[in-house]
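The residues making up each chain are set out below.
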Amino acid sequence: MVLAGAITEAAQGDSSLGQLLKRLSFQSMPEFCDVALAVPLDMVFTYRVAADAVPVVGGRVLVPFRQQRMTGIVVELHDRKPSVKIKPILSVLDVSPVLDDQLLRLGRWISDYYLAPIGEVFRTMLPLNAEFKRAIAYRIAKEGLLALHLAGTSGSSARSQRTPEEQASEFRVLDYLAAQEPAPGDTAQVREETLRSATGVSKLILTGMVRKKWLVREDISAVRDATRTVKLAILKSADGRLNDNQRKLVDTLAASGGRVAVEALQALDVPRTTLNTLARRGLIEIIEEPAGFAVSRSKPRPSVEFNFNSAQQTALGRLRDAVEARKFSGILLHGVTGSGKTAVYLAGMRAVLEAGRSAILLVPEIGLTPAVAADLHQIFGDEVAILHSALSDKERAQQWHRIKGGDARMVVGTRSAVFAPVADLALIIVDEEHDSSYKQEEAPRYHARDIAVVRAKMANAVVVLGSATPSLESYFNARKNKYALVELPDRVEQRPLPEVEIIDMRQEFQETGQEQVISRKLAAEIKERFDRKEQVMVLLNRRGYSPVVLCRTCGKTLECQNCAIALTLHKREHKMVCHYCGYIAPVPKACVHCGSEYVYFLGTGSEKLEELLHGMFPQARIARLDRDTVRGHEDFERTLNALSEGELDLLVGTQMIAKGHDIHGVTLVGVVGADSALGFPDFRAAERTFQLLTQVAGRAGRGQSPGKVVLQTYFQDHYAVQYAAHHDFAGFYDKELRFRSWMHYPPYSALANVLIRSDKLEEALQWSGTLGKWFEQNRHEGVRVLGPAAAPIVRLKRDYRYHFVLKSPSREKLNTTLRAMLAHATHQKIPRTQLIVDVDALWLM
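Residues numbered from 1 in each chain as written. Predicted model: local features only at pLDDT ≥ 70, side-chain atom pairs only at ≥ 80, totals over all residues. Heavy atoms only, no water.

**Q** Just checking my understanding: could you explain the overall build of the protein chain for this structure?
**A** Helix and strand counts for the protein chain come out as 26 helices and 35 strands. Rg of the C-alpha trace for the protein chain: 31 Å, near the compact-globule value of 28 Å for 845 residues, within the 12% margin. For the protein chain, the residues scored as buried account for 51% of the 845 residues in total. Restricting the contact set of the protein chain to residue pairs at least 6 apart, pairs at least 24 apart contribute 75%. For the protein chain, the exposed area adds up to about 40,400 Å²; of that, 50% sits on carbon and sulfur atoms. Seen as two clouds, the 109 positive and the 98 negative side-chain charges of the protein chain have centres 4 Å apart. (Helix = DSSP H or I, 4+ residues; strand = E, 2+ residues; numbered from the N terminus. Rg over C-alpha atoms; globule rule 2.2 N^0.38 Å. Buried < 20%, exposed > 50% of the residue type's maximum accessible area, 1.4 Å probe, protein only. Contact = heavy atoms within 4.5 Å. Areas by Shrake-Rupley, 256 points an atom, 1.4 Å probe, with all protein chains shown as cover. Lys, Arg positive; Asp, Glu negative; His and termini not counted. Charge placed at Lys NZ, Arg CZ, Asp CG, Glu CD.)

Below is the structure:
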């Protein structure tokens, strides 16, 4: 540093030396950089580096791409001049990396393993959308001005070549733009949303005008401040004459300590102008300040002091020893429901924090995040950050920056939280590791559990996979000593596992002579619990009122226009809904195919079940928990808090109610139709059914009173149902593993699903045939190829779908085959967006 200072001083005194140093410094700067952009292309893009703003590897830059601006991640700086013309970077967004070397390496691994474009991987890893505002603007071109001039000339044919509606729309746009204040030396630029709002035209009209060169379309996307703020009203004085509305606002402010959020005041039954009037008079002041963030509104456990039994102490000891060793270690924590796995997690995280290091806790559902976050916040205070998709873009960016800045070292969230930019990572915990929601069903199609293992390896950290029903793959790896297997065989405080009674619904039909949704036994058990002032959960893993609409005359069902799926009746909202694409249709009064009035609504969903239970138990306080009643995480927290506080007698729900909730007042769980998944054409159907039945049964008897489960089924002899009823995971594992080995399914083989899709049936058939011929003509040693075949759901979101299933005992050989297939598809001009490669696929439908 002393030498550098001396050279700088000399340079200031000698202009020629200064120029030399300046020239040398520019020569040492890299001239180009490779940028990963979030586009479905397996490549990076090279841009020229500006001399006055050199980017950093792992930092973001704003670059031009085709006709728009995009942010991307710099992956390399170099001086290799490309053979094509290179565009310059528009601006450098970060002076330090937002993705450190370890996260960059993890992103490259994901891209390589899951065959995902690297830019899409980095976009998933960075929840910073709030910091970039995408915007389009239009200005009138010379041809547009000429057209506007000619339109006013008598005898002009400018208007005659289009329909009157199109002419009117186009000239409204031209008139509006021509009337705007022009920029110096140019015409006025107007944002798209402003232009459409002022003229009432569609995007289609604007696109047509750009094509005719009447308008110039410009991308004016830019970086913006993503700080969350809140407006507050501050009471300055209550003196002076006030009308009733003004007095109401002033009294509300005074009662709240003279400081209330403007949003809360606007919710009062007073005109909005009243607040502005008080501000003009100086009686209140409106200020803006950074908004706070509530980690959770759920109530934490009464005590954070853990009284561990011997099995929990052993598990915690193994976890602490592994963390202190500072080497990679994988632990599968297999504990029955109610065995105290969460307490072990929290104690392990507390030990990590006391050592000054960081930990990440993954949970499968957004609904579980608030409850766990409440416990963590009680123990760790402001050291906790939360990351999940229900947060707004600004909230996610705020939490991300807290983690990146070192203000939060304990992170809890859903699958994307595995990418949290924590420093000195010591521990990653994956709760309910078997859950399918850890697998992302859009590009990049990663599995957060597997990413957690890989990240822990890279960081020399410990990964703990916890579940009462581990996935067969994880338990298989533990049996092969790839993970350490730690068991919690008993519930805490020696509480018994719930008794399970199986009700054969075939026999119920024979004895009652009609189809029953709630069996006589389950109805009696519910009434008994209500008499004892205890709580009940009833699971039906199908939302809506009726899943099928059938015409009794022609026998046809009402299907979605976009998917080969029957529409579901939602009675309360009086509409038919597709649960895959969201298509909505009116409730039919007659058959749409033949016009018959004999339309029949078949089957039962959670909405109908709730209605039936209200009719059977009119005095009971009943609520429903599914994706129709939960619009955000606040709804979820509110319902679960009501159940915890004893404000509800019965909760009906889908699989949302089956996962991880610790409600001590629930002593009965009823399961209605949970075995319907056994009929799916999916080799994991039995495993999913066993897991769901075991998990929901675990919600009963977690307090002082013993629990009971009434399991209604049409498949009472199926091994998944029988093993779940006896809480016998080991028995189910051994039997299911035999079937998997015979059919070469995971864990004995790696598996990939290759899906070809197109909105044109001919294209889908042609592309799948092209790939099918390639698979036949090229030998792929050690790889089995099944297909092409129509996907079980042959049409989804307007796309026709055909697929191949590839299996191989070697992941390396499978990856090589898939890469060769993608190269052939590119050569055959099959669009990359229409060819989906899902490595380690969980969903084959």
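Moving on, there is more to tell.
**Q** Would you mind going over the packing of aromatic side chains with me for this structure?
**A** The way to describe two aromatic rings as a pair is by their centre distance and the angle between their planes. Evaluation of the coordinates by the stated rule reveals 19 aromatic pairs. Taking 4.8 Å as the distance between ring centres and 85° as the angle between the ring planes, the aromatic pair formed by Y113 and Y114 counts as edge-to-face. As far as burial versus exposure is concerned, Y113 and Y114 are alike and both buried. Taking the centre distance of 6.2 Å and the plane angle of 45° together, the rings of F690 and F729 count as tilted. Placement of F690 in helix α22 (residues 685-697) and of F729 in helix α24 (residues 729-743) is noted, with a sequence separation of 39 residues between them. The residues F690 and F729 share a single accessibility class, namely buried. Grouped by ring-pair contacts, the aromatic residues Y475, F690, Y719, F729, F732, Y733, F739 and W742 constitute a single cluster. Directly above the ring of W214 sits K212, whose terminal nitrogen or CZ lies 4.2 Å from the centroid. For K807, the ring lying beneath its charged end belongs to Y745, and the centroid distance is 4.1 Å. (Phe/Tyr/Trp six-rings, centres within 6.5 Å; stacked < 30°, edge-to-face > 60°. Lys NZ or Arg CZ within 6 Å of the ring centre and 35° of its normal.)

**Q** I tried to follow the nonpolar core on my own but got confused; where do I start?
**A** Buried together is how nonpolar side chains tend to be arranged in soluble globular proteins. In terms of nonpolar packing, the biggest core is built from 114 residues, with L99, L106, F122, V671, L818 and M821 touching the most fellow members. By residue number, the principal contributor to this core is helix α16 (residues 448-459), which donates eight residues. Not counting residues within four places of it along the chain, the set of residues in contact with L818 comprises L115, A752, V754, L806, V837 and V839. (Core = buried A, V, L, I, M, F, W, Y, C linked by side-chain atoms within 4.5 Å.)

**Q** Can you walk me through the packing of helix α6 (residues 164-179) against helix α8 (residues 203-211) in this structure?
**A** If you want to describe how two helices pack, look at the angle between their axes and the distance between the axes. In the contact formed by α6 and α8, the axes pass within 10 Å of each other and the chain directions differ by 75°. The angle between α6 and α8 places the two elements in the roughly perpendicular class. On α8, the residues that touch E166, S169, E170, V173 and L174 of α6 are I205, L206 and M209. By residue class, the composition of the contact of α6 with α8 is five nonpolar, one polar and two charged. (Axes fitted to C-alpha atoms, helices over the stretch in contact; angles between N-to-C directions. Parallel < 35°, antiparallel > 145°, perpendicular 65-115°, else oblique. Nonpolar A, V, L, I, M, F, W, Y, C, P; charged D, E, K, R; others polar.)

**Q** I keep staring at the state of the cysteines and nothing clicks. Help me out?
**A** Every disulfide links exactly two cysteines, by a covalent bond between their sulfur atoms. For the coordinates displayed, the defined rule picks out zero disulfides. Take C551: it sits in no disulfide, and the sulfur closest to it among the cysteines is that of C594, at 3.6 Å. Looking at C578, it has no disulfide partner, and the nearest cysteine sulfur is the one in C560, 3.7 Å off. (Disulfide = S-S within 2.5 Å.)

**Q** Would you mind going over the environment of A564 with me for this structure?
**A** Relative to the helices and strands, A564 is located in the loop between β23 (548-551) and β24 (568-570). Sequence spacing of A564 and A116 is 448 residues, and the spatial spacing of their C-alpha atoms is 28 Å. Here A564 is in contact with E559, I793, V794 and R795, once residues within four sequence places are set aside.

**Q** Before we go on, may I ask you to explain the sheet that holds strand β5 (residues 91-92) in this structure?
**A** Within a sheet, neighbouring strands are paired by backbone hydrogen bonds and run either parallel or antiparallel to one another. Across the sheet, five strands lie side by side as β2-β1-β4-β3-β5; this open sheet has antiparallel pairing. Where the open sheet ends on each side, the last strands, each with one partner, are β2 (45-48) and β5. One ladder, built from six bridges, connects strand β3 (residues 60-65) with strand β4 (residues 68-78); its direction is antiparallel. Considered in β4, the bridge of P64 is made with R69. (Pairing = 2+ DSSP bridges.)

**Q** What is the right way to read the pairing of strand β14 (residues 329-335) from this model?
**A** Within a regular strand, the side chains alternate between the two sheet faces. Within β14, seven of the seven residues are buried, which leaves the element mostly enclosed by the surrounding structure. Across six bridges, the pairing between β14 and strand β19 (residues 462-467) is parallel. Paired with L333 across the two strands is G466, which belongs to β19. Alignment of β14 against strand β20 (residues 484-488), held across five bridges, turns out to be parallel. When the sheet's bridge partners are listed, L333 is paired in β20 with V486.

**Q** How should I be thinking about the packing of helix α17 (residues 472-479) against α24 in this particular structure?
**A** Running from N to C, α17 and α24 point in directions that differ by 100°, and their axes come no closer than 11 Å. Considered as vectors, α17 and α24 are oriented roughly perpendicular to each other. Along the contact surface, α17 presents L472, Y475, F476 and R479, while α24 presents F729, F732, Y733, D734, E736, L737 and R740. Considered class by class, the residues forming the contact of α17 with α24 number seven nonpolar, no polar and four charged.

**Q** Help me understand the sheet that holds β24 in this model?
**A** A sheet is described by the order of its strands in space; here three strands give the open sequence β24-β25-β26, paired in antiparallel fashion. Both edges of this open sheet fall to β24 and β26 (584-585), since each of them pairs with a single strand only. Pairing of β24 with strand β25 (residues 575-577) involves three bridges; the strand directions are antiparallel. In the sheet register, T568 faces β25, and the bridge partner there is V577.

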